[in-house]
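# Observations on chain architecture
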Amino acid sequence: METPRTTFEGPRPIPFQAPQGDLAILSGTANPLLAQHVATALGVSLTPCRAHIFSEGNVFVRIKENVRGKDAYIIQGCHFPVNDNFMELLFWIDALRRASAQNITAVIPFFSYAQGDKKDEPRVSIRARVCADAIEAAGADRVLTMDLHSPQIQGFFRVPVDHLYGRQVLAEHVRRLQIPDLVVCSPDVGFAKGAAAYANLLGTPVVIGNKQRTDHSETVEVLEVIGDVKDRNVLLVDDLTITGRSLIAMAETLKKRGARDVYAAVTHAVLSKGASERIAQSQIKSMFVTDTIENSFDPLPPNVQVVTVAPLFAEAIRSIHERTSISMLFPDGRPICP
């Protein structure tokens, strides 16, 4: 006798998914102010923790509260001192894993080694890949970062990477200033797509600079500007600046081409020794940077303004924690509506 087939009515059963744990936000020593602002925006307190550096340079970290079963987010950038901050990040991830956190997200506002994304000289290390492997090996389940120098670095990781863009926050700040006759300029062809995204957000034309570097001395030579800037206000845009020389040289060239005022918007203000003084004495009227980097060799000059990205990171963390899409936080190329 044939056994009758069983039929099921209604929607397909939803696969089992463990509920998310409580939210835990931890701060390393690299970004304590940003971490506090992120926690405040989320309406939670920072999880108590401690990092100590012994006299010989050995780093010790300890979480002072139970995080078992929690969704943990460790906010720790990899800026100066780069190696110390990176090792501390690995130790925080390992400490969270050994403390049985349910999920561990490494929140890296600035990932310095993203600049080492390829083998462009003989016998060199692809440093970004080495760091990605180390972060995974330490136990991170996810990475949340902003403005990687090369977006393809997301593919270096085998865990999910959420890549935020500082240009949304910076473009909104510039838009509120209502600068007339504005044109966006990339200092080189490498950031042309980023400049085009800024231009789309601001609804302005875009021009491209052409520069060259002949060695690792961090000096640049501006060769040409592709586009018309005569009698226009110009917004120079880039993902990061270290010495400021690229932006300064481009600003001088733009002024020679007839530009009125030159502004700059940069996500990561790395600013090595002497950069602040150079920018203060440059043709750049105002530079807008984010707070992804807190440690500076010199105080910021008067013509540099800091725009916080804490609300953007907070919304990303909220979406990750609540298992909702964060695609709304990514720029889609459309202009920002008034």
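None of these values were measured; they are calculated from a predicted model.

Scoring rules and cut-offs
Residues numbered from 1 in each chain as written. Predicted model: local features only at pLDDT ≥ 70, side-chain atom pairs only at ≥ 80, totals over all residues. Heavy atoms only, no water. Helix = DSSP H or I, 4+ residues; strand = E, 2+ residues; numbered from the N terminus. Polar contact = N/O pair within 3.5 Å; in protein donor to acceptor, adjacent residues only side chain to side chain. Axes fitted to C-alpha atoms, helices over the stretch in contact; angles between N-to-C directions. Parallel < 35°, antiparallel > 145°, perpendicular 65-115°, else oblique. Contact = heavy atoms within 4.5 Å. Nonpolar A, V, L, I, M, F, W, Y, C, P; charged D, E, K, R; others polar. Salt bridge = Lys/Arg side-chain N within 4 Å of Asp/Glu carboxyl O. Buried < 20%, exposed > 50% of the residue type's maximum accessible area, 1.4 Å probe, protein only. pLDDT = per-residue confidence, 0-100. Phe/Tyr/Trp six-rings, centres within 6.5 Å; stacked < 30°, edge-to-face > 60°.

### Details of the side chain of Asp298
- Here Asp298 is to be found in the loop between strand S13 (284-290) and strand S14 (304-307).
- Looking at Asp298, its side chain comes within polar contact range of the side chain of Lys273, at 3.0 Å.
- Engagement of the side chain of Asp298 in a polar contact is seen with the backbone nitrogen of Gly274, the distance being 2.9 Å.

### Regarding the packing of helix H2 (residues 82-98) against helix H3 (residues 127-138)
- As a packed pair, H2 and H3 sit with axes 8 Å apart at the nearest point and diverge in direction by 25 degrees. Taken as axis vectors, H2 and H3 run roughly parallel relative to one another. Judged by residue contacts, Phe86, Leu89, Leu90, Ile93, Asp94 and Arg97 of H2 engage Cys131, Ala134, Ile135 and Ala138 from H3.
- Its residues assigned to classes, the contact of H2 with H3 comprises 8 nonpolar, no polar and 2 charged.

### Quick notes on the pattern of salt bridges
- According to the stated counting rule, one finds 16 salt bridges in the structure shown.
- Here Arg158 ties to Asp133 by a salt bridge, and the two come within 3.9 Å at their closest N and O atoms. With Arg158 in the loop between strand S6 (142-146) and strand S7 (161-164) and Asp133 in helix H3, this pair connects stretches of sequence that are 25 residues apart.
- The exposed category is assigned to Arg158, whose relative accessible area is 61%.

### Quick notes on the confidence of the model for the protein
- Across the protein, the average pLDDT comes to 90, with 88% of residues at 70 or higher.
- Segment residues 333-338 is flagged for pLDDT under 50; beyond a separation of four residues in sequence, or across chains, it makes 11 contacts in the model.

### Focus on the environment of Leu201
- Structurally, Leu201 can be placed in helix H5 (residues 192-202).
- According to the relative accessible area criterion, Leu201 is buried, its value standing at 5%.

### Structural notes on the packing of aromatic side chains
- What the rule picks out here adds up to 3 aromatic pairs.
- With centroids separated by 6.4 Å and ring planes inclined at 65 degrees, the aromatic side chains of Phe54 and Phe60 adopt a geometry described as edge-to-face.
- When its relative accessible area of 39% is taken as the criterion, Phe54 is described as partly exposed.

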